[in-house]
Amino acid sequence: MTSVNVTGLQCAAVIGAGLTGLCIGKCVEGRSHQGEGDTRRKLERSEVFKQLAMEASVSTDLKETIENILHKARKLVRCEASSLFLVDKEHGELYSLALSGTENSPFAIPRDKGIAGRVATTGHPLSVADAYNSNFFNPEVDTKTGFKTKSILCVPIFSNEAENYRRFRAPHTSNTASDTRQEVIGVVQLLNKLDGSGSYVPFTDDDLHDLQELTLLASVYLWNTSVTKFNRWAENESSQLLRSMTRLSSARGRSTSIAPLDCARRSGSLRSSPRNVAPLSPAAAYTPCTASPAEIEALRSITGFDVLEYYDDPTKRDTLVPLFVQMWEDLGFVKTFGFSTTKIAQLCLELRKVYRHVPYHNFAHAFDVTHHVYAFLTKAKLSEVFDPVEQLTLFMAAMFHDADHHGLNNQFHLRSNHPSSILLETTATEMESVLEIHHCNVAISVLTDPSLGLLDVLDEDQRTKVWREMIACIIATDMNEHKCFVQEAQQLKASGDRSNKLLMMQLLLKLADINGLSKPAPLAEKWGMLVQEEFYEQGDKERELGMPVLPMFDRSIRGEKLSQSLGFLRNVALPYFCLLAEIFPSLSFLPEQARANEQNWSNP
């Protein structure tokens, strides 16, 4: 619980948690209502915000929380009714999420009509003293609901709660170019203000100010609840996983005792991921397509395959499915374990669903990293190092290693108090691999779905090995742990001991993850530009949220083309390529091409 001092409201403390406490503190700090002179209202306002913070901090029901805010807004301002509408862009409507003061059931209205539609369109608050004399008022709503509207006060809710705060602090600021980037996601309106005698009177500036404060609070809860499903899902599944791990990121070489498959099946449902991943499609829903002999030949080369050629072309994108199946067949997984090629194709389609459309960490990157592992095991003959279950584990870890990546790094999630980082704090883990833990959970949700049942062909010991080592490999891709892995790789090279198969699998997945820089120059440049654009988009979001922006994420001070990729290649990737080539001599081609790229980028 957090106590926030509130100046001007004579409130000793506002109790809340996380963003709630922060929001309330910013809303009311230093507030002064000139000329109000109404001590009773000040005390009422103070009590309203204190109660809302306390009640909402323990509420997990969005509708209940919003209705509570609307009820208190109606009582504070003294009006007959209040409502909150959310924008439904797909259907061009505003639908009522919550109502207070009326007996009506939830309903929808056209997005471009009425006072609410006007506010949703312009993003500016609107106060109307006589509704039926306003050009913007839509009397059809009264006809539908049976409610008689006299006066209306309506304010917008923005997708970015920081914009709500800016508008609250300067409500009369004109709309600028920066404002137009903000999206109105809903409106809150109060109806029919009453004076002490019960007569209808216009809404005041103080009413507007109070409603904007309450709307800001509502916007924060709307934002928080957009990840409520993730929190519940993660607490049921990830916390079991995390509690079972002492520290998977340092589990290399040490045994761990986790059985996520069993945990997942006991819980019954894992499909409530934050992206609302659709249930697995039946096999019959997949219409097979074929890959040409030339495409399969390119797939089987180490450096000649360009997944972006398929990913960027909608007419060729589906061809990645038969190519995905081809890799499973070439690696012997179909023959050795008896996997169904239809289910493998279905798995590929599910992978496409759980990767977001971000510049770099998307399905193309997942397929590319998986292809690198495939090439290591086949052309580089590293299949001789690992048994079939270990090969399968490494291959599947590559598939899921960035599943549902948001295009934002771990530090962003930690600094912005993203729910996934808060989960790690609440489970008392020392890990900071926020994204990697999430990727593991998405892998579990897909692979344990009964309609897929992909791993059912494995026996219990094989499944346990796959789960344990796949999770450890995915956790290893956290670049914050890179130096530790380099040290262990140096020890591995010095000792010549090849018995620690898990460590070698982790090292190879890390290699595949950054191997785009060792591709032929045109392909390496494509991937380098995509990474750079994703960095810039993170910087844009950090600036929007008022967070500090590092130079490498700041597009306003962008340097030479590929300057960031060049620095990463010199300082991180190339030394790692050289080290891994010494451990696995069949990979000696990697540093050769990487050096050529470094030279080309250094002398454009």
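Throughout, a residue's number is its position along its own chain's written sequence, starting from 1. Given that this is a predicted model, residues contribute local features only at a pLDDT of at least 70 and side-chain atom pairs are listed and counted only at 80 or more, while totals for whole chains, interfaces and linings are drawn from all residues. With hydrogens and water stripped out, all remaining heavy atoms of the structure feed into the side-chain values.

Chemist: So what's going on with the overall build of the protein chain? Which residues, and what values?
Modeler: Starting at the N terminus, helices and strands are each numbered in turn, a helix being any DSSP run of H or I of at least four residues and a strand any DSSP run of E of at least two. Counting its regular elements, the protein chain contains 25 helices and 8 strands. Contact criterion: two residues are considered in contact whenever any of their non-hydrogen atoms come within 4.5 Å of each other. In the protein chain, once contacts between residues fewer than 6 apart in sequence are set aside, the share between residues at least 24 apart is 72%. Here, Shrake-Rupley sampling with a 1.4 Å probe gives the accessible areas, and only protein chains in the shown set may cover a residue. Accessible surface for the protein chain amounts to roughly 26300 Å². Of this, 50% is attributable to carbon and sulfur atoms.

Chemist: So what about empty space enclosed by the protein? Which residues, and what values?
Modeler: Using protein atoms alone on a 1 Å grid, points that fit a 1.4 Å probe yet trap it form a cavity, whereas open point sets bounded by protein on both sides within 12 Å along at least five of seven lines form a pocket; residues with an atom within 4 Å of a point count as lining. Grid points are joined across faces, edges and corners, and a volume is the space filled by probe spheres set on the points. The final tally for this structure, using the stated rule, is 7 cavities of 30 Å³ or more. By volume, the largest cavity amounts to about 290 Å³. Along its surface, the largest cavity is lined by 24 residues, and Phe 85, Phe 107, Val 141, Gln 189 and Leu 191 are the ones closest to its centre. Its residues assigned to classes, the lining of the largest cavity shows 12 nonpolar, 10 polar and 2 charged. Residues were grouped as follows: Ala, Val, Leu, Ile, Met, Phe, Trp, Tyr, Cys and Pro as nonpolar; Asp, Glu, Lys and Arg as charged; and all remaining residues, including Gly, as polar.

Chemist: Go over helix H22 (residues 501-513) with me, naming the residues and quoting the values.
Modeler: For H22, built from 13 residues, the straight-helix expectation of 18 Å at 1.5 Å per residue is met to within 8% by its first-to-last C-alpha distance of 18 Å. Using a 1.4 Å probe on the protein chains alone, a residue whose accessible area is under 20% of its type maximum counts as buried, one over 50% counts as exposed, and one in between counts as partly exposed. Summarising burial for H22: 12 of the 13 residues are buried, a large majority. Leu 502, Leu 503, Met 504, Met 505, Gln 506, Leu 507, Leu 508, Leu 509, Lys 510, Leu 511, Ala 512 and Asp 513 are the residues of H22 that are buried. Those residues of H22 hidden inside the fold are in contact with helix H15 (363-378), helix H16 (388-400), helix H20 (460-476), helix H21 (482-495), helix H24 (563-583) and helix H25 (589-602). Each residue after the first adds 1.5 Å to the expected span of a helix.

Chemist: Before we move on, could you go through the sheet that holds strand S3 (residues 79-88) and cite the residues and values that matter?
Modeler: With antiparallel pairing, 6 strands are arranged side by side in an open sheet as S5-S4-S3-S8-S7-S6. The sheet terminates laterally at strand S5 (108-110) and strand S6 (126-128), the two strands that pair on one side only. On average, adjacent strands in this sheet sit at an angle of 25 degrees to one another, irrespective of strand direction. Criterion used throughout: strands pair if DSSP finds at least two bridges between them. Examined bridge by bridge, strand S4 (residues 93-100) and S5 share 3 bridges and lie antiparallel to one another. Within S5, the residue paired with Glu 93 across the bridge is Pro 110. To obtain each axis, a line is fitted to C-alpha atoms, and for helices this fit is confined to the stretch in contact; angles are then taken between N-to-C directions over 0 to 180 degrees. Against the sheet, helix H4 (residues 114-122) makes contact with S3, S4, S5, S6, strand S7 (152-158) and strand S8 (184-193), and its axis sits at roughly 35 degrees relative to S7, the strand it touches most.

Chemist: Before we move on, could you go through the packing of aromatic side chains and cite the residues and values that matter?
Modeler: The geometry of an aromatic ring pair is captured by the separation of the ring centres together with the interplanar angle, meaning the angle of the planes. Between 30 and 60 degrees the pair is tilted, below 30 it is stacked and above 60 it is edge-to-face, where a pair is any two Phe, Tyr or Trp rings, Trp via its six-membered ring, whose centres lie within 6.5 Å. As enumerated under the stated definition, the model contains 14 aromatic pairs in all. Aromatic pair Phe 324 and Trp 328: ring centres 6.1 Å apart, planes at 55 degrees, arrangement tilted. Pair noted here: Phe 324 and Trp 328 are both in helix H12 (residues 320-330), with a separation of 4 residues, about one helical turn. With relative accessibility at 0%, the residue Trp 328 sits in the buried group. Seen in terms of ring centroids, Phe 333 and Phe 337 are 6.3 Å apart; in terms of plane orientation they differ by 50 degrees. Their pairing is tilted. With a gap of 4 residues between them, Phe 333 and Phe 337 both fall in helix H13 (residues 333-337), about one helical turn apart. If you follow Lys 148 out to its NZ or CZ, it ends over the ring of Tyr 132, 4.1 Å from the centre. Whether a charge sits over a ring comes down to the Lys NZ or Arg CZ being within 6 Å of the ring centre and within 35 degrees of the ring normal. One residue, Lys 316, lies across the ring of Tyr 310, its end atom 4.8 Å from the ring centre.

Chemist: Lay out the confidence of the model for the protein chain with the relevant residues and their values.
Modeler: The predictor attaches a confidence to each residue, called pLDDT, with possible values from 0 through 100. Per-residue confidence for the protein chain averages 76 on the pLDDT scale, and 70% of its residues sit at or above 70. Mean pLDDT across the secondary structure elements of the protein chain bottoms out at strand S2 (residues 11-16), with 27, and peaks at H16, with 97. Taken together, the stretch residues 421-430 has pLDDT below 50 and engages in 17 contacts with residues farther than four places along the chain or on a different chain.

Chemist: So, the layout of surface pockets: which residues are in play, and what are the values?
Modeler: If you add up the space inside the second largest pocket, you get close to 980 Å³. Around the second largest pocket, the lining is made up of 38 residues, and of these His 361, Met 479, Val 531, Phe 535 and Phe 568 lie nearest the centre. Among the elements of the structure, helix H17 (410-415), helix H19 (434-447), helix H23 (521-544) and H24 are those that each provide at least two residues to the lining of the second largest pocket. It is H23 that provides the largest number of residues to the lining of the second largest pocket, a total of 8 residues. Partitioning the lining of the second largest pocket into residue classes produces 14 nonpolar, 17 polar and 7 charged.

Chemist: Help me get a handle on the nonpolar core, residues and values and all.
Modeler: Counting residues in hydrophobic clusters, the biggest one holds 101 residues, and the most contacted among them are Phe 324, Trp 328, Leu 347, Phe 367, Phe 400 and Leu 508. The residues contacting Leu 508, other than those within four sequence positions of it, are Phe 376, Leu 382, Phe 386, Leu 394, Leu 580, Phe 584 and Leu 587. Note on terminology: a nonpolar core comprises buried Ala, Val, Leu, Ile, Met, Phe, Trp, Tyr and Cys residues joined through side-chain atoms within 4.5 Å. With 23 residues, the next largest nonpolar core counts Leu 76, Ala 98, Leu 208 and Leu 214 among its residues.

Chemist: Account for unusual backbone geometry, with residues named and values stated.
Modeler: The backbone of Lys 381 shows a phi angle near 60 degrees, a positive value even though the residue is not glycine. Relative to the assigned elements, Lys 381 resides in the loop between H15 and H16.

Chemist: Which residues make up the environment of Ala 218, and what are the values?
Modeler: As for its position among the elements, Ala 218 is in helix H7 (residues 205-225). In sequence terms Ala 218 and Val 188 are 30 residues apart; their C-alpha atoms lie 9.1 Å from each other. Sequence-distant contacts of Ala 218, defined by excluding residues within four places in its chain, comprise Ile 66, Ile 69 and Leu 84.

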